Structures are given as C-alpha cells and as structure tokens.
Amino acid sequence: MLSKRVLTRLVQDGHVSGWDDPRMPTLAGLRRRGVPPEAIRDFIKRIGVAKANSVVDAGMFEFSVREALNKTSLRRMAVLRPLKVVIENYPEGEGEELDAVNHPDDPTAGSRKIKFTRELFIEQEDFMEVPEKKFFRMSVGREVRLRYAYFITCREMVKNDAGEVIELRCTYDPATKGGNAPDGRKVKATIHWVSAVHSVAAEVRLYHALFSKPDRAAARTSLPISIRIRSSC
C-alpha cells in the first residue's frame, strides 16, 4: 500500500485529489485526516522491524489512532442521519439543561451543559421497526436510555407515503433524569441524541478504505472507493 508506484498512479489518474488526500497513506494525507503524531509512533512500535516482506492489517493502524484520540479527545454528540423523536408527555415550548461529562476517563476535563427539549434527533440506525434478535436499541414498545438524559419508550412510529419511518412518538419517565431509574429497572441500550431546536448543521466527510482489496498485489489493479456525506447534526 505504500508503494510509490501505486500511489503515483492514484494521483496521476485522478482517483485522489493529490498526495495530501485524507485517504492517502502519506504524512500529508494522515495530517489532513486528523491522525495525531503519537498514533503513528505507537503503530511503528507495535509492528517493529522485520527482515522479510510482510503485510500488516490496516486495522492495527486504526487501533493506534483510536487509542491516541481516546486519551485526548473531548466527547460530543452528533447525529449523521437524523430521525425525529417527539416526546409527547414533555411540556411544549419548554426545555432544560443537562450535565454531560467532557471525558469519561478524565475528571479534570470537566463537564458541559446540553439542551434537552420535546423534539430530538437520533440516528436512523438506532431504530428498527422489526428488531432483530440481538438488537437492543429503539423499537416500538421498548424502553431505552438517552445519554445523560432520561429513559424513553417508543409508542408509535410515523411513516411517509413511501413507507419510510420519519418520526417516532415517545414518552419519557421524569424520575429517570440523569439516566438512572429510582426503582432499579435496567435498560439494555443507551443512545445519543441532539435537540432538534438547538442542534447546528455540519458537513461530515466519511472516508472508507482507499483500496477495495486488502492485499497489495490486488490493490495495483483495484480502484479506490470513498463516500462523502453531507448531513445535519
């Protein structure tokens, strides 16, 4: 994957925007993608130096990146594919501020206030009309936890003319503020969310694997694939 011949072909044939394309395994590309230097150093230490030619799974590098970012990145909630949730028993026109920690493993990072309102957005993939056996997130009649907020139960779903689910009608339990029930009952899923009123739009770019096949020989004849998505958070 690091062959200059392969990478040069990608640039010259226009498959990538340049040597600093975020999908490229170059230092300039990694920098644009947001990879911290310590992640690269950690990856090098993990793989060591071999005398024979070898192939290292790209997942090992991604692991080093996640480990480095997990230590330093402050947590925020965002929704890429919004599904509207209306909490019917929450007062209309009202809202409140809830406490959310900035880093679960670093108390010194402090906390922040997040807005909670009657109308929210959750990820589309966090709801399933006909839940599979090991799907524990939201479905009609099931109770889940909204992170840092309350337990909610989906009562009804609303579909458009095409049969797509566009809205969920739910109720919340005011006694579960903070995410814990006084009676000790448990839920199997915690999902993230944003307030529909206070959320802000953002452009999000998701990059998939640069090559469609994992082995280097096949990569010489494979075309890169990527996905660019714009959506509101």
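### Here's the deal with the packing of aromatic side chains
This structure, assessed with the given rule, holds 6 aromatic pairs. Aromatic pair Tyr 90 and Phe 116: ring centres 5.3 Å apart, planes at 75 degrees, arrangement edge-to-face. Here the residue Tyr 90 occupies a position in the loop between strand S1 (82-87) and strand S2 (95-101), and Phe 116 occupies one in strand S3 (residues 111-117), the gap between them amounting to 26 residues. According to the relative accessible area criterion, Tyr 90 is buried, its value standing at 5%. Judged by relative accessible area, which is 0%, Phe 116 ranks as buried. The structure contains a cluster of three or more aromatic residues connected by ring pairs, namely Tyr 90, Phe 116, Tyr 150, Tyr 172 and Trp 193.

### Digging into the pairing of strand S6 (residues 151-159)
The sheet contact formed by strand S5 (residues 143-146) and S6 spans 3 bridges and is antiparallel. In the strand pairing of S6, Glu 143 is matched with Thr 153. Hairpin connection from S5 to S6: 4 residues lie between these consecutive antiparallel strands, with Tyr 148 at a positive phi of about 70 degrees. In sequence, S6 turns back onto strand S7 (residues 165-173) through a hairpin of 5 residues, with Gly 163 there showing a positive phi of about 85 degrees.

### Some thoughts on helix H4 (residues 58-72)
The end-to-end C-alpha separation of H4 is 22 Å, in line with the 21 Å expected for 15 residues at 1.5 Å each. Residues of H4 that are buried include every one of Phe 61, Ser 64, Val 65 and Ala 68, and no others. Mapping the buried residues of H4 onto a view down its axis gives an arc of 95 degrees, with all of them on the same face. On its buried face, H4 sits against helix H2 (27-33) and helix H3 (37-47).

### Points about unusual backbone geometry
Glycine aside, a negative phi is what most residues show, and trans is what most peptide bonds show. Its identity as a non-glycine residue notwithstanding, Tyr 148 has a phi of 70 degrees, on the positive side. On the secondary structure map, Tyr 148 appears in the loop between S5 and S6. Relative accessible area serves as the criterion here: at 22%, Tyr 148 is assigned to the partly exposed category.

### Remarks on H3
Buried within H3 we find Ala 39, Ile 40 and Phe 43. Viewed end-on, H3 has its buried residues packed into an arc of 100 degrees, placing them on one side of the element. In this fold, the buried residues of H3 make contact with H2 and H4. Among the residues trailing H3, Gly 48 stands out with phi positive, at a value near 70 degrees.

### Some points on the pattern of salt bridges
Scanning all chains against the criterion turns up 17 salt bridges. Its salt-bridge partner being Glu 119, residue Lys 84 comes within 3.4 Å of it at the nearest N-O pair. Here Lys 84 is found in strand S1, whereas its partner Glu 119 is found in strand S4 (residues 119-123), with 35 residues between them in sequence. With a shortest N-O distance of 2.8 Å, Glu 167 and Arg 169 are connected by a salt bridge. Taking the relative accessible area as the measure of exposure, Glu 167 reaches 13% and is therefore buried. For Arg 169, a relative accessible area of 25% puts it in the partly exposed group. Within this structure, Glu 143, Asp 173, Asp 183 and Arg 185 form a network of salt bridges that share partners.

Rules behind the numbers
- Residues numbered from 1 in each chain as written.
- Predicted model: local features only at pLDDT ≥ 70, side-chain atom pairs only at ≥ 80, totals over all residues.
- Heavy atoms only, no water.
- Phe/Tyr/Trp six-rings, centres within 6.5 Å; stacked < 30°, edge-to-face > 60°.
- Helix = DSSP H or I, 4+ residues; strand = E, 2+ residues; numbered from the N terminus.
- Buried < 20%, exposed > 50% of the residue type's maximum accessible area, 1.4 Å probe, protein only.
- Pairing = 2+ DSSP bridges.
- Expected span 1.5 Å × (residues − 1).
- Arc of directions from axis to C-beta.
- Contact = heavy atoms within 4.5 Å.
- Salt bridge = Lys/Arg side-chain N within 4 Å of Asp/Glu carboxyl O.

Just distances and angles here, no functional claims.
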